[in-house]
Amino acid sequence: MNEKTLNQIALAMVADGKGLLAADESTGTIEKRFNSIKVENTEANRQAYRDMLFTTAGFEQHTSGVILFEETLFQKALDGTPFSKLLQSKGVIPGIKVDKGAKDLVGAPGELVTEGLDGLRERLAKYHEAGARFAKWRAVITIGNGIPSDYCIHTNAHALARYAALCQEAGIVPIVEPEVLMDADNTIEVCEDVTNRTLAAVFDELGKQRVLLEGMVLKPNMVISGKKCSVQADRKAVAVATLRTLKRHVPSAVPGIAFLSGGQSDEDATAHLDEMNKLGPNPWKLTFSYGRALQAAALKAWGGTNADAGRKAHLHRAKMNGLAALGQWSAALEKSA
């Protein structure tokens, strides 16, 4: 493990005004996206869609790295250039999703544990050779009646730390992603409590397993009201609660925090990030690692055939989130109004 190199990569991932494009949808997940625009889920169409995103002129000004699905890491662009080399030529760091998905946790009805540790050391060596310099592992924490249990939180925290240690051994920066879902009817206060419990367990395990904090990036949920809650916290309340929670548990040694959007609308995800950066300075860089919140407009505009329209929509969303990562999004909107 080269600590200096890991730290340099992690810092580059959270560079000022830049964030991460999560383009790591599994074959099953991207089928749902394609169904929404009536495009068949074939390898050729997946290749064409990712090609449209990655060949967007200027997106690298707002994008530090791209999280890829395994298929995409080994695919080529339409001009024959391997996607990893195409991204590197733009100064964008290729990354890779390495977990194998969340499965039912034994003895814990309604709770999940992420799998994928078996054979991970060997896979990481292969991914590094293919150009990946960071990785992602998502743990899922569900809020419900009597859950999450401590059992679920600690099982997922342990797996996240094992994954992170293996990544650093391979010269790959781990994105540590403990996601508290926002799908239930819980209040923002319940989300804050569960996120506190989750982050406390995660950083306890990271310490026990000797993970270099300076060589990782945290990808947490924002502290937000559940989608089905009758009272939705406003943007300022979300920003304040999220920062309060992070400051309690995330050491300043961590270079940066790249939030997941978690099913928020495009604008809400951008606005919440912007609000948090306006409340700075913070102990770490705050940026984005968005999938749907960056891609939804581009996917619709592309529609399977219109690459130019897709690129235009992609660049706009990348630029808006780049401004939010600087705390300048709302000011830019007011200026243009």
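Computed from a prediction, not measured in an experiment: that's the story for all the values here.

Colleague: Give a detailed account of the side chain of Gln 168, specifying residues and quantitative values.
Modeller: Mapped onto the elements, Gln 168 comes out in helix H7 (residues 150-169). Residues in contact with Gln 168, not counting those within four places in the same chain, are Met 1, Leu 6, Pro 174, Val 211, Leu 212, Gly 215 and Met 216.

Colleague: Now, about the sheet that holds strand S1 (residues 19-23): what can you tell me, with residues and values included?
Modeller: Strand order in the closed barrel made by the 8 strands is S1-S2-S3-S6-S7-S8-S9-S10, with parallel pairing throughout. As paired elements, strand S6 (residues 134-141) and strand S7 (residues 173-180) share 8 bridges and run parallel to each other. The residue bridging Lys 136 from the neighbouring strand is Ile 175, located in S7. Here helix H1 (residues 3-13) sits on the sheet in contact with S1, strand S2 (63-68), strand S3 (93-97), S6, S7 and strand S8 (217-218), set at roughly 50 degrees to S7.

Colleague: Could you give an account of the nonpolar core, naming the residues involved and the relevant values?
Modeller: In this structure, Phe 54, Tyr 163 and Phe 203 are the most contacted members of the largest nonpolar core, which totals 108 residues. When residues of this core are assigned to their parent elements, the largest contribution, 10 residues, is made by H7.

Colleague: Go over the pattern of salt bridges with me, naming the residues and quoting the values.
Modeller: Counting across every chain of the model gives 22 salt bridges. One salt bridge connects Lys 136 with Glu 177, and the closest N-O pair in it is separated by 3.5 Å. Of the two residues, Lys 136 is situated in strand S6 and Glu 177 in strand S7; the sequence distance between them amounts to 41 residues. Neither residue differs from the other here; Lys 136 and Glu 177 are each classed as buried. In this structure, Arg 311 engages Asp 308 in a salt bridge whose closest nitrogen and oxygen atoms are separated by 3.1 Å.

Colleague: Outline the packing of aromatic side chains, listing residues and values.
Modeller: Geometry of an aromatic ring pair is reported as the spacing of the ring centres plus the angle between the planes. Summed over all chains, the structure comprises 6 aromatic pairs. Plain terms: the ring middles of Phe 34 and Trp 302 are 5.8 Å apart, the flat faces sit at 45 degrees to each other, and that makes the pair tilted. Of the two residues, Phe 34 sits in helix H2 (residues 27-36) while Trp 302 sits in helix H11 (residues 292-302), which places them 268 residues apart along the sequence. Across the pair, exposure class does not vary: Phe 34 and Trp 302 are buried alike. Among the aromatic residues, ring-to-ring pairing joins Phe 34, Tyr 49 and Trp 302 into one connected group.

Colleague: Would you mind going over the side chain of Thr 245 in detail, with residue names and values included?
Modeller: Inspection of the secondary structure puts Thr 245 in helix H9 (residues 235-249). Those residues in contact with Thr 245 that sit more than four places away from it in its chain are Glu 192, Thr 195, Asn 196, Leu 199 and Val 223.

Colleague: Requested: an account of the pairing of S6, with residues and values cited.
Modeller: Of all the 8 residues making up S6, 7 are buried; the element is thus mostly covered by neighbouring parts of the structure. Here 3 bridges tie S3 to S6, and the two strands are oriented parallel to one another. From the neighbouring strand, Gly 95 faces S6, where its bridge partner is Phe 134. Following the backbone out of S6, through H7 and into the adjacent parallel S7, one traces a crossover that is right-handed.

Scoring rules and cut-offs
- Residues numbered from 1 in each chain as written.
- Predicted model: local features only at pLDDT ≥ 70, side-chain atom pairs only at ≥ 80, totals over all residues.
- Heavy atoms only, no water.
- Helix = DSSP H or I, 4+ residues; strand = E, 2+ residues; numbered from the N terminus.
- Contact = heavy atoms within 4.5 Å.
- Pairing = 2+ DSSP bridges.
- Axes fitted to C-alpha atoms, helices over the stretch in contact; angles between N-to-C directions.
- Core = buried A, V, L, I, M, F, W, Y, C linked by side-chain atoms within 4.5 Å.
- Buried < 20%, exposed > 50% of the residue type's maximum accessible area, 1.4 Å probe, protein only.
- Salt bridge = Lys/Arg side-chain N within 4 Å of Asp/Glu carboxyl O.
- Phe/Tyr/Trp six-rings, centres within 6.5 Å; stacked < 30°, edge-to-face > 60°.
- Right-handed = clockwise from strand over helix to strand, strands pointing away.

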